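Examination of the molecular architecture
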Amino acid sequence: MKQLHLGVLAGIFVAAGVLSWAAARLWDSFGTLPAVPLAAPIVLAVIAAVLAATALSIRSRLKAQRERRPGAKGVEPLMAARALVFGQASALVTALVSGMYGGVGVFLLGSLDVPARRDQAIYAGASVVAGIAVIAAALFLERVCKLPDDPEGLAPGTAPR
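A few points on the structure. (Residues numbered from 1 in each chain as written. Predicted model: local features only at pLDDT ≥ 70, side-chain atom pairs only at ≥ 80, totals over all residues. Heavy atoms only, no water.)

1. A few points about the overall build of the protein
Broken down by element type, the protein carries 4 helices and 0 strands. Counting from the amino terminus, the protein carries its helices and strands in the arrangement α-α-α-α. In summary, the protein has a C-alpha radius of gyration of 20 Å against a globular reference of 15 Å for 161 residues, an excess of more than 25%. In terms of principal-axis extent, the alpha carbons of the protein reach across some 70 × 35 × 20 Å. When the 161 residues of the protein are sorted by exposure, 32% land in the buried category. Of the contacts formed within the protein by residues at least 6 apart in sequence, a portion of 81% connects residues at least 24 apart. When the accessible area of the protein is evaluated, it comes to approximately 10400 Å², of which 68% is carbon and sulfur surface. Taking the average place of the 15 positive charges on the side chains of the protein and the average place of its 9 negative ones, the gap between the two points comes to 5 Å. (Helix = DSSP H or I, 4+ residues; strand = E, 2+ residues; numbered from the N terminus. Rg over C-alpha atoms; globule rule 2.2 N^0.38 Å. Buried < 20%, exposed > 50% of the residue type's maximum accessible area, 1.4 Å probe, protein only. Contact = heavy atoms within 4.5 Å. Areas by Shrake-Rupley, 256 points an atom, 1.4 Å probe, with all protein chains shown as cover. Lys, Arg positive; Asp, Glu negative; His and termini not counted. Charge placed at Lys NZ, Arg CZ, Asp CG, Glu CD.)

2. Some thoughts on the nonpolar core
In terms of nonpolar packing, the biggest core is built from 21 residues, with Leu 51, Ile 58, Ala 91, Leu 141 and Cys 145 touching the most fellow members. Contributing elements (two or more residues each) for this core: helix H2 (39-66), helix H3 (77-108) and helix H4 (115-145). Residue contributions to this core peak at 8 residues, all from H4. With residues up to four places along the chain from it excluded, the contact list for Leu 141 reads Leu 51, Thr 54, Ala 55, Ile 58, Ala 83, Leu 84 and Gly 87. Counting 10 residues, the second largest nonpolar core, distinct from the first, contains Ala 40, Tyr 101, Phe 107 and Ala 121. (Core = buried A, V, L, I, M, F, W, Y, C linked by side-chain atoms within 4.5 Å.)

3. Re the side chain of Ser 20
Residue position: Ser 20 is located in helix H1 (residues 6-30). Overall, the relative accessible area of 10% leaves Ser 20 in the buried class. A distance of 3.2 Å separates a polar side-chain atom of Ser 20 from the backbone oxygen of Gly 17. (Polar contact = N/O pair within 3.5 Å; in protein donor to acceptor, adjacent residues only side chain to side chain.)

4. Topic: a nonpolar patch on the surface
A grouping of Leu 38, Ile 42, Val 46, Val 50 and Phe 86 is seen on the molecular surface, where their side chains present a nonpolar patch of about 440 Å² in accessible area. Ranked by residues supplied to the nonpolar patch, first place goes to H2 with 3 residues. On the secondary structure map, Ile 42 appears in helix H2. (Patch = residues over 30% accessible without salt bridge, like charges linked within 9 Å, V, L, I, M, F, W, Y side chains within 5 Å. Salt bridge = Lys/Arg side-chain N within 4 Å of Asp/Glu carboxyl O.)

5. Quick word on H1
Between the first and last C-alpha of H1 there are 36 Å, a value that for 25 residues agrees with the 36 Å anticipated at 1.5 Å per step. Among the residues making up H1, those that are buried are Leu 9, Ala 16, Gly 17, Ser 20 and Ala 24. Residues of H1 that are buried make contact with H3 and H4. (Expected span 1.5 Å × (residues − 1).)

6. Things to note about the packing of H3 against H4
Interaxial distance between H3 and H4 falls to 8 Å at its minimum, and their mutual angle equals 155°. Taken together, the axes of H3 and H4 are roughly antiparallel relative to one another. Here H3 and H4 pass one another in a crossing that is left-handed. In the contact of H3 with H4, the residues fall into 16 nonpolar, 10 polar and 2 charged. (Axes fitted to C-alpha atoms, helices over the stretch in contact; angles between N-to-C directions. Parallel < 35°, antiparallel > 145°, perpendicular 65-115°, else oblique. Left-handed = near helix turned anticlockwise from the far one by under 90°. Nonpolar A, V, L, I, M, F, W, Y, C, P; charged D, E, K, R; others polar.)

7. Here's the deal with the side chain of Ser 111
Tracing the chain through its elements places Ser 111 in the loop between H3 and H4. Excluding residues within four positions of it along the chain, Ser 111 makes contact with Arg 117 and Arg 118.

8. Observations regarding the environment of Phe 140
Within the fold, Phe 140 resides in helix H4. Once the C-alpha coordinates of Phe 140 and Lys 2 are considered, the two residues, 138 residues apart in sequence, prove to be 15 Å apart. Each residue touching Phe 140, except ones within four places of it in the same chain, is listed here: Ala 55, Leu 56 and Arg 59.

Written out as structure tokens, the structure reads:
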């Protein structure tokens, strides 16, 4: 699997932010802007917590396995791969969603004097912060699941002599 790159995630975030800011301006000129749901930052925070808990669990199991503790549960490779795919997918989707909420939040900064818009801007900002937490947890999970480098410096797929 390929590693996540912060540049790709940042690019997705910025592109989604610019597009949603423009869409929010256009939508607002025709009528009322759709609301940012209160559940958005909550759901993102739950995903971040699940990713972090998974990473901590895998890390502790790998540590116990390396130390050869009696009764230590190993980490099944397929389970680690599934966790990694979940983390990477979560990070990519979260970059998109956080960018969208960030763009709407930037648009709403111009009308913070209206209480309803101020609340929406707070929800959008909290969604961006929770999205950053999801991305950080996904990167941590990816680091935990990374296989150690081959000590002999062999290329992948080659057999030792």
